[in-house]
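If you want the building blocks of each chain, they are given just below.
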Amino acid sequence: MSPSTPPLSTREKAELVAGSGFWSTVASESGGIRSIVVADGPHGLRLQRAGGDHLGLGTAVPATCFPPATGLASSWNVGLVERVGVALGEEARAEGVGVLLGPGVNIKRSPLCGRNFEYFSEDPLVSGELGAAWVRGLQSTGVGASLKHFAANNQETNRMTASTEVDERTLRELYFPAFESIVKREKPLTVMCSYNRINGVWAAENRWLLTGVLREEWGFDGLVMSDWGAIDRMVPALAAGTDLEMPGPQRDSADAIVAAIADGSLDEAVLDAAVSRLRSLSDRVGPPVAVPEPYDAEAHHDLARAAAVESMVLLRNEGGILPLSPTERIAVIGQLARTPRFQGAGSSQVNASRVDSALEHLRAGAAEVTFEPGYSLDPVGNSGQSLLRAAVAVASAADVAVLFVGLGEGAESEGYDRTTLELPADQVALIAAITAVQPRTVVVLTNGGVVSLEPWHDSAAAILETWLLGQGGGAAVASVLLGPEFPTGRLAESIPFRLQDNPSYLNFPGDGDEVRYAEGVFVGYRYYESAEVPVRYPFGFGLGYTTFGYSDLVVSRDGRDVAVTVTNTGERRGAEVVQVYVSAPAVPVRGPVRELRAFDKVWLEPGESRRVNLRLTDRAFSHWDSPSSDWIIERGDYEIQVGPSSHDLLLRETVTLAGQRAQKPLSLDSPVSDFLEHPVTGPLFRKAAAGRNKDGPTEGGTSVLDMVSSMPMRRLLRFPGVPVVAWQVRALSTVANLRPVRAIARLFSR
Ligand code: BGC
């Protein structure tokens, strides 16, 4: 805007924030703001040239379909995800798109969420690290990201009406950290707020969320846009921190903003701030290209294929049946081998530029391949006996059966959740029939969210979880089954034995328009490991075609630097994902027995060893302290645990941290426990009690002091026979509260 141009009128500004079309922002020549084209994401460009819908229904320009987040997350490969981000940016730029709507970093609270295929993990560190890599790659090309869906949007049922009832500690420790670290480190140009309410307040109207936490605490200086159709009332949304309503144009919103400014209920400065964020978005997005720069579609397909290779997780490989020998007679069974399902349904659905099928690539790579569909993918799911019989015949005549099973197109989608973890019944029957005649059966799974591996798990010689692999998945599966590629993926979500074992089971998808996150921070492995509930496969787990050993764990005194040696102890090349968990002392709030705090993926030749160095941040040792509304490190022992999954910790080291909590001042209202824990009064009280023979353990093993520890001192003193009186305790407290006295007492207690 040049100094001579007249300022925009209130009406003009209101129209800017009330949106333009389905996929663009409003331009204002006099305001120095250009129109920005936005498009879905996240695993490919979904650009609709004509018309518009947010459900993946209309056609979009052809683009590379990379593995959705569920697959990318299983790679645990930050560099790979960054390369995918760069490729997405190149495609967006070639089509004149300024903002790509992703990544989705919502936590997988329940395996049933219909959109889990679009999200990374049940763990915030994995979601945050991989989401950050995606944003870094994308934004390096000048295309802006839209980090979504902020916040606590972890289901599709009633997503536009439900209120997530959740305590602040759970938000801070579990549902916020991926957003927080990406905002702080990568500065995404935009954030998309979610449809739902949080503790009764719409995300779009939630000032605490969008202004307090996002802008004031985390320093976000980009633009907040609404999810498509998330706004009921733009005036309170604007006041809360939503800068742009999508899709537009919403004339009634513009009218309401003008009226609210006129009657004084909305400060015009709020509108000005939103307009200036629109202006800065248009400045920050890379300049429009006069002639579109074509991207290398072949290279992007190769990258999609490489990403698909790393997205697969080998769960079982009895007797080393995999990799297969190309000279074996292979029976490929399952319609999904011929008609791949490679992405989920809804707004993220990409018009893939081409699609590989596993069948065609297995045929190309092996000497003798027979095929039977085994079942039909039509939604009725009744495949008939003839398909099954034909499949059994080819399986029994072959050396090995590779059986592709999984969920069909309609089984999981944006807009609704699943109600079961089971595979279609006809496919479960097929697995039973095939494994009965062919003990050398490899089950290849296709699914966006976790499926049950019961009751057939033990009958399969090998199980390869491929999630949804994007357009290069067919070639990738074939090259992992036959070599030369090998599986390197690890589970970014636990696979439970039963749906009922999942901690959100009784509160998903909630009652009516309310969903209580009653399990708190105990989501996924944080619950399974803490409650010792066995799972079929733990978070972090995955096999390769080789084995690894861990040795020489060294942890610095402050716990921040961790080094460990990893050795490839097998005979093939492989990759290991080294995982570092921290087990914090259980005071003063109960937390998970361990939480992932760092990871790294390393490639090793047979016999090769590598020293892996990992850095832990302060946050790795902190918890959210509700009374002080802040992060705090408690005093105590922290165990650093290293291993290949959340359940298999091979090396451990303990560090003792002094903590950050100031000694609570003692008073007559303090519980007896505070006096017992205090460096000055603790020894005195224990000595006095022992002297009176009252501190000896009772029959049950507890002591009198333990039994009264939660009692406020003031009340204890009222009991007959207590040998001290109020003024004595008050005087003692005054002395004990003096910092030098505490320091000297600590010296003597060492
Ligand atoms: C989805 C968003 C998407 C938007 C635009 C909404 O329904 O929740 O993730 O970006 O539509 O298609």
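Conventions used here
Per chain, residues are indexed from 1 in the order of the written sequence. pLDDT decides what is reported in this predicted model: residues at 70 or higher carry local features, side-chain atom pairs at 80 or more are listed and counted, and totals for whole chains, interfaces and linings draw on all residues regardless. Working from all heavy atoms in the structure, the side-chain values ignore hydrogens and water. What marks off one domain from the next here is an automatic or database domain assignment. The contact definition used throughout considers only heavy atoms, calling two residues in contact when any of these lie within 4.5 Å. When two parts are brought into contact, each loses some accessible area as probed by a 1.4 Å sphere; the total of that loss over both is the buried area. Between Lys or Arg on one side and Asp or Glu on the other, a salt bridge is scored when a side-chain nitrogen of the former is within 4 Å of a carboxyl oxygen of the latter. By convention in these notes, a residue is near a molecule or strand provided one of its non-hydrogen atoms lies within 4 Å of it. Here a polar contact means two N or O atoms within 3.5 Å. Within protein one must be a hydrogen donor candidate and the other an acceptor candidate, and residues neighboring in sequence count only if both atoms are side-chain atoms. Computed by Shrake-Rupley with a 1.4 Å probe, the accessible areas treat only the displayed protein chains as cover when residues are assessed. We call a set of buried Ala, Val, Leu, Ile, Met, Phe, Trp, Tyr and Cys residues a nonpolar core when their side-chain atoms join them within 4.5 Å. When accessible area is computed with a 1.4 Å probe and restricted to protein chains, residues below 20% of their type maximum are described as buried, those above 50% as exposed, and intermediate ones as partly exposed. Counting from the N terminus, the helices are DSSP H or I runs at least four residues long and the strands are E runs at least two residues long. An axis is simply a line fitted to the C-alpha atoms; with a helix, the fit covers only the stretch in contact. Between two such axes, the angle follows the N-to-C directions and lies from 0 to 180 degrees. Should an angle fall under 35 degrees it is taken as roughly parallel, and over 145 as roughly antiparallel, whereas 65 to 115 is taken as roughly perpendicular and any remaining angle as oblique. Here a crossing is taken to be left-handed if its near helix is turned anticlockwise relative to the far helix by less than a right angle, and right-handed if that turn runs clockwise. Here the rule is simple: two strands pair whenever DSSP picks up at least two bridges between them. pLDDT expresses how confident the predictor is about each individual residue, on a scale running from 0 to 100. Stacked, tilted and edge-to-face are the three classes assigned to paired rings of Phe, Tyr and Trp, where Trp is represented by its six-membered ring and a pair needs centres within 6.5 Å; plane angles under 30 degrees give stacked, over 60 edge-to-face, the rest tilted. Note on criteria: charge over ring means Lys NZ or Arg CZ within 6 Å of the ring centre, with the direction from the centre no more than 35 degrees off the ring normal.

Undergrad: What am I meant to see in the domain arrangement of the protein chain here?
TA: Quite often, the size of an interface is put as the accessible area lost when its parts meet. What the domain assignment reports for the protein chain is domain 1 (11-284), domain 2 (301-535), domain 3 (546-657) and domain 4 (672-749). On a C-alpha basis, the centroid separation for the pair domain 1 and domain 2 is 31 Å. With 68 residues of domain 1 in contact, the opposing surface of domain 2 contributes 63 residues. Counting each side, the surface lost to burial between domain 1 and domain 2 is near 5200 Å², with a carbon and sulfur contribution of 55%. A per-residue breakdown of the area domain 1 buries against domain 2 is headed by R109, L112 and E122, which together make up 16% of the total. Remark: the boundary between domain 1 and domain 2 carries 5 salt bridges.

Undergrad: How should I be thinking about the site of the ligand in this particular structure?
TA: Contacts to the ligand come from 15 residues, most closely from D40, R115, H149, D227 and E414. Contact between the ligand and H149: an oxygen atom at 2.7 Å from a side-chain N or O atom of the residue. Bound to the protein, the ligand loses 100% of the 310 Å² it would expose on its own.

Undergrad: Looking at this structure, I do not really get the nonpolar core. What am I missing?
TA: Nonpolar side chains tend toward joint burial in soluble globular proteins. Formed by 109 residues in total, the largest nonpolar core has its most connected members in V17, L45, F150, M225, W228 and I257. When residues of this core are assigned to their parent elements, the largest contribution, 7 residues, is made by helix α4 (residues 124-139). Sequence-distant contacts of V17, that is, excluding residues within four places in its chain, are made with M234, L238, D243, L244, E245, I257, L271, A274, V275 and L278. Judged by nonpolar contacts, the second largest core, of 67 residues, contains Y375, L453, W467 and V477.

Undergrad: What is the right way to look at the packing of helix α11 (residues 297-311) against helix α16 (residues 473-482) in this model?
TA: Helix-helix packing is characterised by the crossing angle of the two axes and by the distance between the axes. Look at α11 against α16: their axes get within 8 Å of each other, and the N-to-C directions meet at 50°. On the basis of the axis angle, α11 is oblique to α16. Every pair of crossing elements has a handedness; the one defined by α11 and α16 is right-handed. In this structure, α11 uses R305, A308 and V309 to contact α16, whose residues at the interface are G473, A475, A476, S479 and V480.

Undergrad: Help me understand unusual backbone geometry in this model?
TA: Most peptide bonds take the trans form, and the phi angle of most residues other than glycine is negative. H149 follows K148 through a cis peptide bond whose omega is -5°. With respect to the helices, strands and loops of the structure, H149 is situated in strand β3 (residues 144-150). Note the cis peptide between F508 and P509, where omega equals 0°. Tracing the backbone shows P509 in the loop between β15 (495-496) and β16 (514-516). Phi is positive for N199, close to 45°, though the residue is something other than glycine. With respect to the secondary-structure elements, N199 resides in the loop between β6 (197-198) and β7 (201-202). The phi dihedral of D552 is positive, around 55°, even though this residue is not glycine.

Undergrad: Whenever I open this one, the pairing of strand β19 (residues 561-568) confuses me. Can you help?
TA: For a regular strand, side chains alternate in direction, first toward one face of the sheet and then toward the other. Counting buried residues along β19, 7 of its 8 residues qualify, which places the element largely inside the surrounding structure. Examined bridge by bridge, strand β18 (residues 548-555) and β19 share 6 bridges and lie antiparallel to one another. Each bridged residue has a counterpart across the sheet, and for V555 the counterpart in β19 is V562. Two successive antiparallel strands, β18 and β19, enclose a turn made up of 5 residues, where G559 displays a positive phi of approximately 80°.

Undergrad: For this particular structure, what's the right way to read the confidence of the model for the protein chain?
TA: The predicted coordinates should not be examined in detail at positions where pLDDT is low. Here the protein chain averages 94 in pLDDT, and 97% of its residues register 70 or above. Here helix α20 (residues 704-707) stands out as the element of the protein chain with the lowest mean pLDDT, 79, in contrast to strand β14 (residues 462-465), whose mean of 99 is the highest.

Undergrad: What's the story with the sheet that holds strand β11 (residues 368-372) in this structure? I'm lost.
TA: Across a sheet, strands are paired by hydrogen bonds formed along the backbone, either parallel or antiparallel in direction. The mixed open sheet is built from 6 strands, whose spatial order is β9-β14-β13-β12-β10-β11. The open sheet has two edge strands with one neighbour each: β9 (313-317) and β11. In this sheet, adjacent strand axes meet at a mean angle of 15° when their direction is disregarded. Where strand β10 (residues 329-333) meets strand β12 (residues 400-406), 4 bridges bridge the pair, whose relative direction is parallel. The partner of I330 across the bridge, within β12, is V400. On top of the sheet, helix α15 (residues 425-437) reaches β10, β12 and β13 (441-446); it is set at about 170° to β12, its chief contact. This element, α16, spans β10, β12, β13 and β14 of the sheet and lies at about 155° to β13.

Undergrad: Whenever I open this one, the packing of aromatic side chains confuses me. Can you help?
TA: For any pair of aromatic rings, the description consists of the separation of the ring centres together with the inter-plane angle of the planes. Summed over the entire model, instances satisfying the criterion amount to 17 aromatic pairs. Ring geometry for F150 and F179: centres 5.0 Å apart, planes at 50°, overall tilted. Residue F150 is found in strand β3, and its partner F179 is found in helix α6 (residues 177-186); the two are separated by 29 residues along the sequence. For the pair F150 and F179, a shared accessibility class is recorded, and that class is buried. Taken together, a centroid distance of 4.4 Å and an interplanar angle of 20° make the contact between Y525 and F539 stacked. Of this pair, Y525 sits in helix α17 (residues 525-531) while F539 sits in the loop between β17 (535-537) and β18, and the two are 14 residues apart along the sequence. Like F539, Y525 is buried. One aromatic cluster is present, formed by W76, Y525, F539, Y581 and F599 through successive ring pairs. The lysine or arginine in question, R197, covers the ring of W202, its NZ or CZ lying 5.3 Å from the ring centre.

Undergrad: Whenever I open this one, the packing of helix α5 (residues 168-175) against helix α7 (residues 207-217) confuses me. Can you help?
TA: Between α5 and α7, the shortest axis-to-axis distance is 15 Å and the interhelical angle comes to 50°. The angle between α5 and α7 places the two elements in the oblique class. The handedness of the crossing between α5 and α7 is right-handed. Contacts from E168, L171 and R172 in α5 reach W208, V213 and E217 in α7.

Undergrad: Honestly, the sheet that holds strand β20 (residues 574-583) in this entry has me stumped. Any pointers?
TA: Reading across from one edge, β21-β20-β25-β26 is the order of the 4 strands in this open sheet, with antiparallel pairing throughout. The strands lining the two open edges of the sheet, one partner per strand, are β21 (595-604) and β26 (651-657). Going from strand to strand, the sheet's axes swing by 20° on average, the running direction of each strand aside. Alignment of β20 against β21, held across 9 bridges, turns out to be antiparallel. Looking at β21, one finds that Q579 is bridged to F599.

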